[in-house]
Structures are given as structure tokens and as C-alpha cells.
Amino acid sequence: MSLYDVVIRDGTVVSTSGSRRADVGVRNGRVAAVSADGLIKPGQFSVDGPVAADVIDARGKLVFPGLIDAHTHFGLTSGDTATSDDFHSGTIAAACGGVTTVIDFVTPAPGGTVAAALAERLREASRAVIDYGFHGVLIEPAAVGEVPGLIGQGVTSFKLYMAYKARGLMAGDGTLAGALEAARRSGGLIGVHAEDNEMVDAATAALARAGHTAMPFFAAARPAQAERAAIARACRQAEQAGTALHVFHLSTAAGLEEIREARLRGLLVWAETCPHYLTFTDEVCARPDGYRFAMNPPLRKQADVDALWDGLAEGEIQTVASDHCPFPLAAKARGAASFLDVPAGVGGTELILTVLLSEGVAKGRLSLERLAQVTSANPAALFGLYAEKGRLGPGADADLVIVDPDAEWTVTPGELHSQGDHTPYEGLKARGRVVVTMAKGQVVYRDGAFVGEAGAGHYLPRAKAREVHQVQSAG
Ligand SMILES: [Zn+2]
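From a predicted model like this one, the values you see are computed outputs, not experimental measurements.

K.L.:
Quick question: what am I supposed to make of the overall build of the protein chain here?
P.N.:
Summing up its helical and strand segments, the protein chain has twelve helices and 21 strands in all. Oriented by its inertia axes, the alpha-carbon framework of the protein chain measures out at about 80 × 50 × 40 Å. Out of the 475 residues in the protein chain, the part that is buried amounts to 55%. Long-range contacts, defined here as pairs at least 24 residues apart, represent 76% of the contacts in the protein chain between residues at least 6 apart.

Spelled out as C-alpha cells, the structure:
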């Protein structure tokens, strides 16, 4: 018997508080030791065998805590179109990008309960290759009554759509008020898809009347002020209820300003942004293949991109998640005739780390420590996964990702593991590349190949998000 199942040797271990050369010892799926002095000395043996059964040489590499992608949409159907990834292929893609935990969504069927939908989602996720949890989607006022029961099943965070009325997904202000009150009593966390439905509908209708339904008008149909207005309304409701709020996929400087103002009034409000809002502006929608860049909220202006990077660096935005929702190119291409027909959503779970390293760290817009915070430590704390997840220290799950920080490569869809047949990041000149992903002590990705197992991921019943008060807002 060895002392460690695996030792990751001599890498630069990145945590929220700094980076240092260290060995990481893994035993029984957990981190057993992190030592700057080295865990393996020449000629050293434990009582009855070598110190480590396996050694991974991480010299010159960075070792991050595994990413928590707290926003994926595996196996989602929009109208007559299904996303390209189910829980199996989607979690493979995630794992190959250094993600070791995902949080997806459970959306009730029309007239059904969230609890019934959860049972179905758990079946769908049985072949997941990494651990997973679910946010509950609340739509009808009656769903508020399910909140305590769902929390008991480990669904401790919730999403309410402030848009998509026509698709039957929108939660009215009454549901939002009820959900916030239920969360205050029961300890859950309420999050919003913040786009004001009426403003989006009005802008879309005006463009349609003018015959402006080509992709270059896509972003104008969902204006920045619609995001700000929805954030303002949700923040005021959270203040009234006396509880915290989470804003999913923040895309604008205006929305961030609204969050800043709410914080000055004393509200605890957390914000997530996504790799695509940090990479592209709405100018790409004017390309002949602009439909490939359709997602909601839409891509914005350069000033928004810059504000999101600043917000991430300064601690005003707490998490980065992918909103992974790839639709087949053939379906996206319907947008070439009219954006009214384009399924909104893009893939990205495999490229969160690549984008943050290439567009953030390599360009001096994000520190390594802050990267670890927004991709791992913060989502773990916000969503009730700390301290098993979100850190690389003794007792934590051995979820980690080893990165070659100097590797330069160009993103092509063929190199990705998603079942999606295209990627908006095609052609991106990347700096930094995942070489190994380990989930609960098992190597699941190594040197370009997925080597994990279907069903190795387990459902994570999450703790209440009571730790929100402890989430560090400052880098
Ligand atoms: Zn989403």
C-alpha cells in the first residue's frame, strides 16, 4: 500500500490567496496533502511500498482547483430543436476543459411540478462523467410552495426567468416576490435571468415592423436597458424580502452599474458572467454566419466587454459559467433569414478556462488567483458545495486541472469534445491549455483524450447557500 494513490509533483498550485510550487497528494479520491517541501524524496518509501502509486509530473504547469460550471443546459429542447449535448457528452466536454462539477437546471413541464421534473432529470443525468447538481426553475406562483421540499432534496438555488413569457417560462413579479420570501425563510438562493420581457418584446416588435429581422439587428431586439431594468426590479424585490439575489449571465455595463447601486444600499447581490460576453461584441452578428453568435442575453459593445473584465478583476462579478447550450449549425442557420427563427444559445463549457487564460490572464486583465476564485471557490460557496469542492486543500475532493500555461493553439470544433458541430470560438488564438483533468482522484482527461467513465459523476445534494455571506467579493 502506498501512502498516496497519486502525487501531482512540482506544479504551481493556484489558490485564491496565491500561487506556490507544491506537490499534491491524493488518496481515496480526496486531497490528502499539499506540500511546498515535496511529498516524494529520492529513495523514500512508506512502510510497505512507494510513497505514491502514480506520479504526474507537473513541472512548469499550473494546478487549479477543478472548475465548477454552475450554468449548463444539457438535453434542453427549444421549440423543435434540441441542444447537441446530453449529460453524457456535455459532461465529457466539460471534463476535457477542466470542469469537474456542473450545475444544470430542472424546469417543470407545463402544469407539472419541479419535484417531478427533478426525478426525470436525475434519470437523464445517470451517465454523467463528473459530479452535478441542479438549480430549480420556478415559473408559476404555486411552485413557490415547493421551495422547502426542493431544498431538502439538495436543490438549494433557483432561477426565475424575467423574460420568455411567450414560451411559458416567465415567472411573474408575484412568483418572484414569493420565491424571495420563501428563500428568506428556508435559506435558498434566488437567481434571475434578468431581461425585462415587455421591453424585449417591444423592441423586437418594432424591429419586425420595420423589416429589420436580419442578424445584425439581433442585439437591438434585446436592449441593454432591458437587462438593467430587470436587475433593478429584482434587486428592489430582494430588498423588500430581505434576502440575497443572484444574477445569471450578466452581459452589460449598465446592469453592473445597477448591481453596484443595489450593493451600496446594502443588498447582497451576486453576479455571474459568461465567456462569450468577455470575448465578443455584437459586431460578429453582422458576419455572414452571425447566427452562430445568437444567445440571450445577446452580445454587447466593447465598453460592456471591458466593464465585465474590470468587474471580474475587482470582485464585483463573483462567478464565470458557460451557459453551455449549443444548437446544431443547421438550426442556427435559420437565423440567416430572420433572427426571429434562430435558436439562442452557444456551447462553451469546454472553453471557460481557455477563454479566461487567453483573453484574461495573458492580456493582463485577470490574475491567476482571481481566476481560481471566480471559477471554483466562489461558485462552491454560493451554491453550497464548499468545502468538498472549490478548493485544493486537505479533505477536499481531488478535483483539479493541470494547465500548460505556455501552450499556444487555435480553437477548432474538431478538437473539442462536445457533440456540437460548431463553436463560436473557432479560430481563437488560445494561450494556455488543459493537459490533465482529475475528478475525485480519477484522471478523466489526459493529453487530448477523455479517459473517464460514463456514470462516474454523482448527484450532489447541495447545502443551503447560507455561505453567501462568506463569499469574498474582493480579489
Ligand atoms: Zn442559461
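K.L.:
Would you mind showing me how to read the nonpolar core here?
P.N.:
Inside soluble globular proteins, nonpolar side chains tend to come together where they are buried. Ala179 and Val247 are the most contacted members of the largest nonpolar core, which totals 149 residues. Per-element accounting of this core gives the leading share, nine residues, to helix H6 (residues 224-241). Ignoring any residue separated from it by four or fewer positions in sequence, one finds Val247 in contact with Gly191, Val192, Ala194, Ile231, Ile259, Val269, Trp270, Ala271 and Glu272.

K.L.:
Would you take a moment to explain the packing of helix H11 (residues 352-361) against helix H12 (residues 368-382) for this structure?
P.N.:
Packed helix pairs are characterised by how far apart their axes lie and by the angle those axes make with each other. Following both chains from N to C, one finds H11 and H12 inclined at 145 degrees, their axes separated by 11 Å at the closest point. Crossing angle aside, the handedness with which H11 passes H12 is right-handed. Where H11 approaches H12, its residues Ile352, Leu356, Gly360 and Val361 are matched on the opposing element by Leu368, Leu371 and Thr375. Tallied by class, the residues present in the contact of H11 with H12 amount to five nonpolar, two polar and no charged.

K.L.:
I keep staring at the domain arrangement of the protein chain and nothing clicks. Help me out?
P.N.:
Interfaces are frequently sized by the accessible area removed from exposure as the parts join. Each domain of the protein chain was delimited in the assignment, giving domain 1 (4-64 + 393-406 + 431-450) and domain 2 (66-389 + 461-470). One C-alpha centre belongs to domain 1, the other to domain 2, and the line joining them spans 32 Å. At the level of elements, strand S1 (4-15), strand S2 (18-27), strand S7 (62-65), strand S18 (400-410), strand S19 (429-439) and strand S20 (442-446) are the ones that each hand at least two residues to the side of domain 1 that touches domain 2. Within the side of domain 1 that touches domain 2, the residues separate by chemical class into twelve nonpolar, seven polar and three charged.

K.L.:
Honestly, the packing of H6 against helix H7 (residues 253-264) in this entry has me stumped. Any pointers?
P.N.:
Across the interface, H6 lies against H7 with an axial gap of 8 Å and an inter-helix angle of 20 degrees. Classed by the angle they form, the pair H6 and H7 counts as roughly parallel. For H6 against H7, the interelement crossing comes out right-handed. Only Ala254, Gly255, Glu258, Ile259 and Ala262 of H7 make contact with H6, whose side of the interface consists of Ala224, Gln225, Glu227, Arg228, Ile231, Ala232 and Cys235. Split into classes, the residues belonging to the contact of H6 with H7 amount to seven nonpolar, two polar and three charged.

K.L.:
Help me out: how do you make sense of helix H2 (residues 114-124) in this one?
P.N.:
Working note: α-helix, 3.6 residues per turn, so residues spaced by three or four point in the same direction. For H2, the complete set of buried residues consists of Val114, Leu118 and Arg121. Viewed along the axis of H2, the buried residues span an arc of 65 degrees, placing them on a single side of the element. Along H2, exposed side chains directed more than 90 degrees from the buried face belong to Ala119, Glu120 and Arg123. On the buried face of H2, the contacting elements are strand S11 (99-106), strand S12 (131-137) and helix H3 (147-152).

K.L.:
Whenever I open this one, helix H9 (residues 302-314) confuses me. Can you help?
P.N.:
With 13 residues, H9 extends 18 Å between its outermost C-alpha atoms, agreeing within 8% with the 18 Å of an ideal straight helix rising 1.5 Å per residue. Taken together, the buried positions of H9 are Asp304, Val305, Ala307, Leu308, Trp309, Gly311 and Leu312.

K.L.:
Help me out: how do you make sense of the sheet that holds S11 in this one?
P.N.:
Picture the strands of a sheet paired through backbone hydrogen bonds; they go either parallel or antiparallel. Here eight strands make up an open sheet; going across it, the order is S8-S11-S12-S13-S14-S15-S16-S17 and the pairing parallel. The two strands at the open ends of the sheet, each matched to only one other strand, are strand S8 (67-69) and strand S17 (319-320). As judged from the three bridges shared by S8 and S11, these two strands associate in the parallel manner. Counted as the bridge partner of Asp69 is Val102 from S11.

K.L.:
Quick question: what am I supposed to make of the pairing of S20 here?
P.N.:
It is a general feature of regular strands that their side chains alternate between the two faces of the sheet. Here four bridges tie S19 to S20, and the two strands are oriented antiparallel to one another. Bridge pairing in S20 links Met438 to Val443. The turn joining S19 and S20, which pair antiparallel and follow one another in sequence, is formed by two residues; a positive phi near 50 degrees is taken by Lys440. Note that S20 and strand S21 (residues 449-450) share two bridges and pair antiparallel. Looking across to S21, one finds that Tyr445 is bridged to Phe450. Taking the residues that link successive antiparallel strands as the turn, the S20-S21 hairpin has two residues, and the phi of Asp447 there is positive, at about 50 degrees.

K.L.:
Sorry, what's going on with unusual backbone geometry here?
P.N.:
In terms of backbone geometry, most residues other than glycine have negative phi values and most peptide bonds are trans. Here the bond from Asn296 into Pro297 is cis, since omega is -10 degrees, no more than 30 degrees from zero. Of note, Pro297 is situated in the loop between helix H8 (275-279) and H9. Look at the link from Tyr386 to Ala387: it is a cis peptide, with omega at 10 degrees. The topology assignment puts Ala387 in the loop between H12 and S18. Located in the positive-phi region is Asp10, a residue other than glycine, with phi close to 65 degrees. Relative to the elements of secondary structure, Asp10 occurs in strand S1. Among the residues examined, Asp10 registers 20 C-beta atoms within 10 Å and is labelled buried.

Rules used throughout
Residues numbered from 1 in each chain as written. Predicted model: local features only at pLDDT ≥ 70, side-chain atom pairs only at ≥ 80, totals over all residues. Helix = DSSP H or I, 4+ residues; strand = E, 2+ residues; numbered from the N terminus. Buried ≥ 20, exposed ≤ 12 C-beta atoms within 10 Å, placed from the backbone. Contact = placed C-beta atoms within 7 Å. Core = buried A, V, L, I, M, F, W, Y, C linked by C-beta atoms within 7 Å. Axes fitted to C-alpha atoms, helices over the stretch in contact; angles between N-to-C directions. Left-handed = near helix turned anticlockwise from the far one by under 90°. Nonpolar A, V, L, I, M, F, W, Y, C, P; charged D, E, K, R; others polar. Domains from an automatic or database assignment. Parallel < 35°, antiparallel > 145°, perpendicular 65-115°, else oblique. Arc of directions from axis to C-beta. Expected span 1.5 Å × (residues − 1). Pairing = 2+ DSSP bridges.

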